[in-house]
Amino acid sequence: MKSTVTSRKSYPFGSMFSEDAMLIAKDFLTHEKQELKNLFVKEKDIDNIIVVGSGNGHYSDIAFNNNVKYIGIEPNYNVPTKEREGFHIVKKPFESISHHDLSRGKNLFVFWFNVSFYIDNYGDKLNELLRGGDVIFNSTWSRCKEGASVMDAYFKQVYIKYHSPFEYKNTVSEIINTQPLISRKIKNYTNMEIISNNINTIEIIYI
Ligand SMILES: C[S@@+](CC[C@H](N)C(=O)[O-])C[C@H]1O[C@@H](n2cnc3c(N)ncnc32)[C@H](O)[C@@H]1O
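The rules behind these values
- Residues numbered from 1 in each chain as written.
- Predicted model: local features only at pLDDT ≥ 70, side-chain atom pairs only at ≥ 80, totals over all residues.
- Heavy atoms only, no water.
- Helix = DSSP H or I, 4+ residues; strand = E, 2+ residues; numbered from the N terminus.
- Rg over C-alpha atoms; globule rule 2.2 N^0.38 Å.
- Areas by Shrake-Rupley, 256 points an atom, 1.4 Å probe, with all protein chains shown as cover.
- Lys, Arg positive; Asp, Glu negative; His and termini not counted.
- Charge placed at Lys NZ, Arg CZ, Asp CG, Glu CD.
- Phe/Tyr/Trp six-rings, centres within 6.5 Å; stacked < 30°, edge-to-face > 60°.
- Buried < 20%, exposed > 50% of the residue type's maximum accessible area, 1.4 Å probe, protein only.
- Core = buried A, V, L, I, M, F, W, Y, C linked by side-chain atoms within 4.5 Å.
- Contact = heavy atoms within 4.5 Å.
- Near = heavy atom within 4 Å.
- Polar contact = N/O pair within 3.5 Å; in protein donor to acceptor, adjacent residues only side chain to side chain.
- Nonpolar A, V, L, I, M, F, W, Y, C, P; charged D, E, K, R; others polar.
- Pairing = 2+ DSSP bridges.

J.: Could you give an account of the overall build of the chain, with specific residues and numbers?
T.: The number of helices and strands found in the chain is seven helices and seven strands. In the chain, the order of α-helices and β-strands from amino to carboxyl end is α-α-α-β-α-β-β-β-α-β-α-α-β-β. The C-alpha radius of gyration computed for the chain amounts to 16 Å, which stays within 12% of the reference 17 Å derived for 207 residues, consistent with globular compactness. By element, 50% of the accessible surface of the chain is carried by carbon and sulfur atoms, the whole surface being about 10400 Å². Placing the 25 positive and 24 negative side-chain charges of the chain at their respective mean positions leaves the two points 1 Å apart.

Here it is as C-alpha cells:
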C-alpha cells in the first residue's frame, strides 16, 4: 500500500491494529474510550468530532450516540467507507487538512491511540484550524514504568508481525523521548487538564 503520510519515516500502521497488538493495548484503549465518553457528558455543545488517524471510522459510535457529525482524517486506508449523513472520511494526512475539509460549529479534535507522535508540526496546523470554543483530546502512552512496559510489549508485537523485529526498540525509545503534550504548541487556550492512569495519559485542551 502506498503511503501518503509526510511523517519522518514509514511505520507499520496496518500491524498496529492487528488483533494480538490491540489485545496488549486493551487497557490503554478502554481508559481512552471511557474518558472520551466522559468528555461528552461534560461538553454538551460539540457539533463535530474530528478523529485523527481514524481508519475507516473509529469512534463513529460515540459520534452517533451523541448526535454530533463525524469527520475522520486518515491518509493510509483505501477501504471503501460508506458515506452517510453526518459521517465523512477525509483521505489526507492531518498536515494537509484545511478549513474546507471541516464543518461549521464547535470542533472536538481527537488524537487517539498516540497518533500525535506521527504528525509533523501538529502545533502549526492546529493553530491554523482552531477556533474559540474548540476542544482537543490527546491520548498517549503514560511514561511511567508500567506504561513503558506495556508500550514495549505492544510494539514488539507490531514489529514482529511486520517481520522487522529490530525496529521496535527504536520506536519505543523515540516515543519515550518525545514531548507528548500538544498544549505546549498551542498559542491560545483557556484551560487544560491531564487525566492519567499507569498506561494511558489524556490531555484535554479547551480553546
Ligand atoms: C492511531 S495511530 C496508532 C499508533 C500506535 N497505536 C501507537 O501506539 O503509536 C495510527 C493511525 O494513524 C494514522 N496516521 C498516521 N500518520 C497520520 C497523519 N499524519 N495524519 C493522520 N493520520 C495518520 C495511520 O494511518 C493509522 O491509521
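J.: I'd like to hear about the packing of aromatic side chains, residue by residue, with values.
T.: Applying the stated rule across the entire model yields 20 aromatic pairs. With centroids separated by 5.4 Å and ring planes inclined at 50 degrees, the aromatic side chains of Phe113 and Tyr154 adopt a geometry described as tilted. Placement of Phe113 in the loop between strand E4 (107-111) and helix H5 (122-129) and of Tyr154 in helix H6 (residues 145-161) is noted, with a sequence separation of 41 residues between them. In this structure, Phe113 and Tyr154 share a single accessibility class: buried.

J.: Which residues make up the nonpolar core, and what values go with them?
T.: Leu36, Ile49, Leu108, Trp141, Tyr154 and Phe155 are the most contacted members of the largest nonpolar core, which has 43 residues in total. For this core, the leading source of residues is H6, giving six residues. Beyond its immediate sequence surroundings of up to four residues, Ile49 is in contact with Leu36, Phe40, Ala63, Val68, Lys69, Tyr70, Ile71, Leu108 and Val110. Formed by 21 residues, the second largest nonpolar core is a distinct cluster that contains Val52, Val90, Ile97 and Ile186.

J.: Please give an account of the site of the ligand that cites residues and values.
T.: Around the ligand sit 23 residues, and of these Glu74, Asn76, Glu95, Tyr118 and Tyr154 come closest. Taking Asn114, its side chain carries an N or O atom lying 2.9 Å from an oxygen atom of the ligand. The contact in question runs from an oxygen atom of the ligand to an N or O atom on the side chain of Tyr118, over 2.5 Å. Taken by itself the ligand offers 600 Å² of open surface, and the protein chains cover 100% of this. Broken down by class, the residue content of the shell around the ligand amounts to 18 nonpolar, three polar and two charged.

J.: Go over the pairing of strand E1 (residues 48-52), please, and point to the residues and values.
T.: Within a regular strand, the side chains alternate between the two sheet faces. Most of E1 is tucked away, with five of its five residues classed as buried. Burial of the side chains of E1 extends over both faces: Asn48, Ile50 and Val52 are buried on one face and Ile49 and Val51 on the other. Looking at chain direction, E1 and strand E2 (residues 69-73) are connected through five bridges and run parallel. The residue of E2 that forms the bridge with Ile49 is Tyr70.

J.: With reference to specific residues and values, describe the side chain of Ser15.
T.: With respect to the secondary-structure elements, Ser15 resides in helix H1 (residues 13-16). With sequence-adjacent residues up to four places away left out, Ser15 is seen in contact with Ala21, Val158, Lys161 and Tyr162.

In short, the description is geometric, and any link to function would need to be established separately.
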